Amino acid sequence: GEDVEQSLFLSVREGDSSVINCTYTDSSSTYLYWYKQEPGAGLQLLTYIFSNMDMKQDQRLTVLLNKKDKHLSLRIADTQTGDSAIYFCAEKEGNNRLAFGKGNQVVVIP
Amino acid sequence: DSGVTQTPKHLITATGQRVTLRCSPRSGDLSVYWYQQSLDQGLQFLIQYYNGEERAKGNILERFSAQQFPDLHSELNLSSLELGDSALYFCASSVGAGGTPGVSYNEQFFGPGTRLTVL
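Residues take numbers from 1 onward in each chain, read along the sequence in its written order. Just so you know, chain letters begin at A and ligand numbers begin at 1, following the order they were written in. Local features in a predicted model are, by the rule used here, given only for residues with pLDDT of at least 70; side-chain atom pairs are given and counted only at 80 or more, and totals for whole chains, interfaces and linings are based on all residues. The side-chain numbers reported here are obtained from all heavy atoms of the structure, hydrogens and water having been left aside.

## Notes on the interface of chain A and chain B
Counting residues at the interface gives 17 residues for chain A and 28 residues for chain B. Here the buried area means the combined drop in accessible surface, using a 1.4 Å probe, for two parts upon being joined, counting both sides. In this assembly, chain A packs against chain B so that about 1700 Å² is buried in total across both faces, 53% of it on carbon and sulfur atoms. Sorting the residues of chain A by area buried against chain B places Asn-95, Asn-96 and Arg-97 of chain A first, and these three jointly supply 32% of that buried surface. Put simply, a salt bridge is a Lys or Arg side-chain nitrogen that is within 4 Å of an Asp or Glu carboxyl oxygen. There are 0 salt bridges connecting chain A and chain B. By the criterion applied in these results, polar contacts are pairs of N or O atoms within 3.5 Å in which, for protein atoms, one can donate a hydrogen and the other can accept it, and in which residues neighboring in sequence qualify only through two side-chain atoms. Counting the contacts that link chain A with chain B gives 4 residue pairs in polar contact (both at pLDDT 80 or more). The helix count covers DSSP runs of H or I at least four residues long, the strand count covers runs of E at least two residues long, and both are numbered beginning at the N terminus. Those elements that place two or more of their residues in the side of chain A that touches chain B are β4 (31-37), β5 (43-50), β9 (85-92) and β10 (98-100) of chain A. Working rule for contacts: check all heavy atoms of both residues, and any pair within 4.5 Å makes them a contact.

Encoded structure:
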């Protein structure tokens, strides 16, 4: 399957911005996603970007896509304690299955 | 609450045993997916069913099998369990199976997972 890579851990102060990065390998992916996993919970779709877009803004979330470098990032503005979670990027493969990165744990310090 | 339910929440068993994990999709969703989340492998796609039929297979071991019933709930059967099978198993559901474009139609909603511990 396709390989999606993420860095592992990010610590950020409440009110600052967080940026999480991800690289993917399948240049034919049509959709790229960001999921959030809180402790003891399943994954929640946060936002997505279509492959023909460079940027998407959704309230405090900004997704940037660099197709040439196969690089995806998620910026969370004004990070809150409720943003503490593990964030996964994912790309859509055939038949709607998702290939996930290893996840990036974000810890927000009050 | 995503509307996807999974039972049991926790399962502790011994090596060599067989277990069944159950998933009920959101009302109206026809597609069910199973994923395994472990520390060393991360989140991996196992298998997908759509309206009762197997649609796609991922890194699913031969010791594992699944099915989707006429009422659309799904079961994942894990047999001859090994220590390395200890993981969080997620089920997700979506309306479509990816053939029709549209994020909302194909968005996957995840259940809370079943944590399997093999001792």
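Back to the text.
## A short note on the sheet that holds strand β8 (residues 74-78) of chain B
Residues and elements named next belong to chain B. If DSSP finds at least two bridges between two strands, the strands pair. One open sheet holds the 4 strands; their spatial order is β1-β3-β8-β7, and the pairing between them is antiparallel. Each edge of the open sheet is held by one strand with a lone partner, namely β1 (5-7) and β7 (64-68). Each strand axis lies, on average, 15 degrees off the axis of its neighbour in the sheet, ignoring direction. To obtain an axis, a line is fitted to C-alpha atoms, over the contacting stretch when the element is a helix, and the angle between two such axes runs from 0 to 180 degrees between their N-to-C directions.

## Thoughts on the pattern of salt bridges
Residues and elements named next belong to chain B. Enumeration according to the criterion identifies 5 salt bridges over all chains in this entry. When the shortest N-O distance is used, the salt bridge between Arg-26 and Asp-29 registers 2.8 Å. Here Arg-26 falls in the partly exposed class, since its relative accessible area comes to 21%. Each residue's exposure class comes from its accessible area (1.4 Å probe, protein chains only) as a fraction of the maximum for that residue type: buried when under 20%, exposed when over 50%, partly exposed otherwise. With a relative accessible area of 1%, Asp-29 lands in the buried category. Asp-85 is paired through a salt bridge with Arg-63; the nearest N and O atoms lie 2.8 Å apart. With Asp-85 in the loop between β8 and β9 (87-94) and Arg-63 in the loop between β6 (53-57) and β7, this residue pair connects regions lying 22 residues apart in the sequence.

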